[in-house]
Every structure is written in C-alpha cells, then in structure tokens.
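# Summary of structural features
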Amino acid sequence: MKLLRLLLLSLFFLSAMGQLPSQDILALLEFKKGIKHDPTGYVLESWNEESIDFNGCPSSWNGIVCNGGNVAGVVLDNLGLSADVDLSVFANLTLLVKVSMANNSITGEIPDNIGDFKSLQFMDVSNNLFSSSLPPGIGKLGSLRNLSLAGNNLSGSLPDSISGLASIQSLDLSRNSFSGSLPTSLTRLNNLVYLNLSSNGFGKRIPKGFELNSNLQVLDLHGNMFDGHLDGMFFLLTNASHVDLSGNMLVSSSSQKLLPGMSESIKVLNLSHNQLSGSLLNGSDLQLFASVKVLDLSYNQLTGELPGFDFAYELQVLKLSNNKFSGSIPNDLLKGDSLLLTELDLSANNLSGSSVITALAFCELSKLCLLIIIIIIIIFSWLCSV
C-alpha cells in the first residue's frame, strides 16, 4: 500500500514538473500510429518521445505549430504520406486552429465528433482518400473559415446543419461523390466568398437565395445533375464574378430567350453542356453580356442569329459551338475598341459566311485572328498553285 502511494505521489510530482507527455502530445502520437509510409521521414523521424518539449507542445516536431503550451496547427501537406488515420483524436487538441494535410494518400473518415474541434478555423484534407459522409456535427464549427474536402471519396447528402458554419468564407467539396439536393440552409452562409461543389452527384433544383449573399464571388456547381430553370433573379442580383453551372441539365428560364437580364458583376459565365434553348438575346437587351470577359454557352440548343458583340468591350473568350445558331457570321463580331478577343469557337452551328474574304473582314488583325490569317493565306496560296 505504501509503495502504491509513493508511485502515485511520484507521478503527480513528475506531472507537476511537466515531465509527462501532455494531452496534446498523446493525441499526436496516437495519430502517428496510422502512418504507414513517410518517404521523406518528415513525421516518423521527427515525432518521437525523445524530442518532446515538456511544456506541453512539441514545437520541434515537423509540421506542428504551437501556441504557448498547446498545439495550434498540424500542417502535413504534399509529403506523399500513406496512412490510415483517426482524425477524432484531434478533438483532444483543445486550441487547434489549423489542420492541413492536402495532397497525400491518407484514408480515414470525417469523424462524428468533428463538432468538438471548437477552435478550428482552417481545415484542408483535399486530394486524399477519405471516405465517409459529412456528419451533422460539422455545423457546430462556428469559427471555421476555410474548409476543403475536395478530391476524396466522400458521399451522402449535405446535412442541414451546415448552416451552422457562420464564419465560413471558403467551402470546397468538389470532386467527391456527394449526392441529393442542396439544403437551402447553404444559401444562408452570408460570409461565404467561394463555393465549389463541382464534380459530384448533386441533383434536383439549385436552391434560390444565393443572390442574397452579397459576399459570394465564386459559385461553381459544374458537373452535377441539377435540373430545372435558370434562376433569373440570381443572374439579375448576384454580386458573384465567376459563375459556372456547366455540365448539368438546366433549361432556359424563358422559351424565347436565354436570360431576362444579368448583373454587371459577372465576368466569367459558363453555362455549357446543358439543355438551354431560345435566342441568345434580342434588340432590347444588347447589353446583357456587356461586362463579361469569358462566355461559354457551347453544347446547348440555342437558336437564332448571332449579335455582333460590338457592345462587349471586355470580352476575351467566346464559345458558342454545338448549338443551332443560323444566319451569317456578323461582320462586326470582332470589331470594337479593345480587340481583346483571344478565343472564339462558333463550330457545329448552321452559320454561313465562312469565305476567306469574310474571315479576313472579321479579324481586323486582332491577336486571335493573326494566326488564322496566316493559315488562310497559306491554304489560299496552295489552292492557287494547284
């Protein structure tokens, strides 16, 4: 009995002197057990008991960021790690702010206790092999500002609790296997600047309300299975500069024309590979694409004649291929003061007016057409010599 008391007293004394591993260190050592291959030795050769700083945080361990005696960050990006890890142990890191281990070969799950990571502000585990659904506890991370789970094997639907990410500014869940409809609560993340849900299996209608987020700059939903009409109010009111809804099953909001109007904030618009129909625009809305720099409407069912686009002084890329446009190519398509157009694709339509003289008239020695002119001259000279 005396020996047991002496042992407990010794342990208490050593702990008080800071000679026992802290809770943070024990959590990191538990995480380390899942690492199978570390080609650079960045973790396995550094994270060991012999190099422990007994103030509670191992500041000498590679990839560990300390704040006083607590672990504030675990940064293990681009190391070629192969591991099967249990992220739930990080719940014991009570002051953890950042977890970043992108571009490795790490398997595991997004833990059910993710909501216990109370201090977390940045999490990037993109381009790994994580497989699970997104647990409802994700909504408890009220301090989280940046979340990237892109390029994994995550599946299931997004929980409504995602609306609890009150501080989120960047959310990237692209290149996974998520499915189901998007929760309308997603539109209430008012601090969101960047939203990328592309290359998943989301379906049904895109929820209304994204246009009410004045901070949203990038909305990327391409490569899903969304259907229904384009939301005219979104295009009228949004402050977003980059909108990509390509590769879905969307139809025009009107049977007569593509859009009822469009915000001047949109600089990049990709609606390609959908089921859009109607005319591009009519005489009353010539300024519809006046501020756009990149416009891709290829692989749809748009009809009618092409406008000259002489009103679009910022246009750099115009892709209208694989539609049903008819009539002649407008002589002033590439005219304008800026001559910024560097890429043009009108192929696979029902357009006429493709003679050498017409092509030269379009170009007016712009950057785009200089190469075209050279090729046309070579071909024309060859034909004349035959």
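Within each chain, residues carry numbers counting from 1 in the order of the written sequence. In view of the model being predicted, local features appear only for residues whose pLDDT reaches at least 70, and side-chain atom pairs are presented and counted only at 80 or more, with totals across whole chains, interfaces and linings using the full set of residues. To get the side-chain values, all heavy atoms of the structure are used, and hydrogens and water are removed first.

## Thoughts on the overall build of the protein
To keep it simple, the criterion reads: Working definition: helices are DSSP H or I runs of at least four residues, strands are E runs of at least two. Numbering for both runs from the N terminus. Only protein chains enter the accessibility calculation, which uses a 1.4 Å probe; a residue whose area is less than 20% of its type maximum is buried, one above 50% is exposed, and one in between is partly exposed. A contact between two residues is defined here by any heavy atoms of the two lying within 4.5 Å. The Shrake-Rupley method, run with a 1.4 Å probe sphere, supplies the accessible areas, and residue values consider only the shown protein chains as cover.
Looking only at helices and strands, the protein has five helices and 26 strands in total. The buried share of the protein, taken over its 386 residues, is 48%. The long-range share in the protein, meaning contacts at least 24 apart out of those at least 6 apart in sequence, stands at 55%. Here the protein has roughly 18100 Å² of accessible surface; of this, 54% comes from carbon and sulfur atoms.

## What to know about the sheet that holds strand β22 (residues 301–305)
As a reminder, the rule being used: At least two bridges found by DSSP between two strands are what make those strands a pair. Between N-to-C directions, angles span 0 to 180 degrees; the directions come from axes that are lines fitted to C-alpha atoms, helices contributing only their stretch in contact.
As summarised here, the arrangement of the four strands in space is β20-β22-β24-β26, forming an open sheet in which the pairing is parallel. Of all strands in the sheet, those bounded by a partner on one side alone are β20 (277–279) and β26 (350–352). Pairs of neighbouring strands in the sheet enclose a mean axial angle of 15°, with direction left out of account. In terms of strand pairing, strand β24 (residues 324–328) meets β26 through three bridges, oriented parallel. What sits directly across from G327, in β26, is L351.

## Side note on the pairing of strand β3 (residues 70–75)
Bridging between strand β2 (residues 64–67) and β3 involves four bridges; their strand directions are antiparallel. Within the sheet, the bridge partner assigned to I64 lies in β3 and is V74. As paired strands, β3 and strand β5 (residues 98–100) are joined by three bridges and run parallel to one another. Note on β5: the bridge partner recorded for V75 is S100.

## Some thoughts on the packing of aromatic side chains
Let me state the cut-off plainly: Only the six-membered ring of Trp is used, alongside the rings of Phe and Tyr, when aromatic pairs are assigned; centres must lie within 6.5 Å, and planes under 30 degrees apart are stacked while those over 60 apart are edge-to-face, with the rest tilted. Should the NZ of a Lys or the CZ of an Arg lie within 6 Å of a ring centre and within 35 degrees of the ring normal, that charge is described as sitting over the ring.
Here the structure, examined in full by the defined rule, presents five aromatic pairs. With 5.3 Å between their ring centres and 85° between their planes, F234 and F235 make a pair best called edge-to-face. F235 matches F234 in its accessibility class, with the two residues each being buried. Taken together, the ring pairs connect F31, W47, W61 and F90 into an aromatic cluster. One Lys or Arg, K98, reaches over the ring of F122 and ends 4.8 Å from the middle of that ring.

## Examining the sheet that holds strand β10 (residues 155–156)
Spatial ordering of the open sheet is given by β10-β12-β14-β16-β18, a layout of five strands whose pairing is parallel. A strand with exactly one partner marks an edge of an open sheet, and here the two such strands are β10 and β18 (249–251). Bridge count between β10 and strand β12 (residues 177–180): two bridges; the pairing is parallel. Its bridge partner being in β12, S155 is matched across the sheet by S177.

## Observations regarding the environment of D112
Structurally, the position occupied by D112 is in the loop between β6 (105–108) and β7 (122–124). A relative accessible area of 72% places D112 in the exposed class. Spatially, the C-alpha atom of D112 lies 8.5 Å from that of I138, the residues being 26 residues apart in sequence.

## Focus on the nonpolar core
Rules: We define the nonpolar core as a collection of buried residues of types Ala, Val, Leu, Ile, Met, Phe, Trp, Tyr and Cys that are connected through side-chain atoms lying within 4.5 Å of one another.
If you look at the biggest cluster of nonpolar residues, it comprises 94 residues, and the most contacted ones within it are V74, F90, F235 and F289. If you list the elements that add at least two residues to this core, you get α2 (23–32), β3 and α3 (232–237). By residue number, the principal contributor to this core is α2, which donates five residues. In this structure, V74 is in contact with L28, W47, G63, I64, F90, L93, L96, K98, V99, S100 and M101, ignoring residues within four places of it in sequence.

## Digging into a negative patch on the surface
The criterion, for reference: In this analysis, a patch consists of residues with relative accessible area above 30% that form no salt bridge, clustered at 9 Å for like charges and at 5 Å for the nonpolar side chains Val, Leu, Ile, Met, Phe, Trp and Tyr. The rule for a salt bridge is simple: a side-chain nitrogen of Lys or Arg has to be within 4 Å of a carboxyl oxygen of Asp or Glu. The convention is simple: Lys and Arg are positive, Asp and Glu are negative, and His and the chain ends are not counted. By convention, the charge on Lys lies at NZ, on Arg at CZ, on Asp at CG and on Glu at CD.
A grouping of D84, D86, E109 and D112 is seen on the molecular surface, where their side chains present a negatively charged patch. For D84, the location among the structural elements is in strand β4 (residues 82–84).

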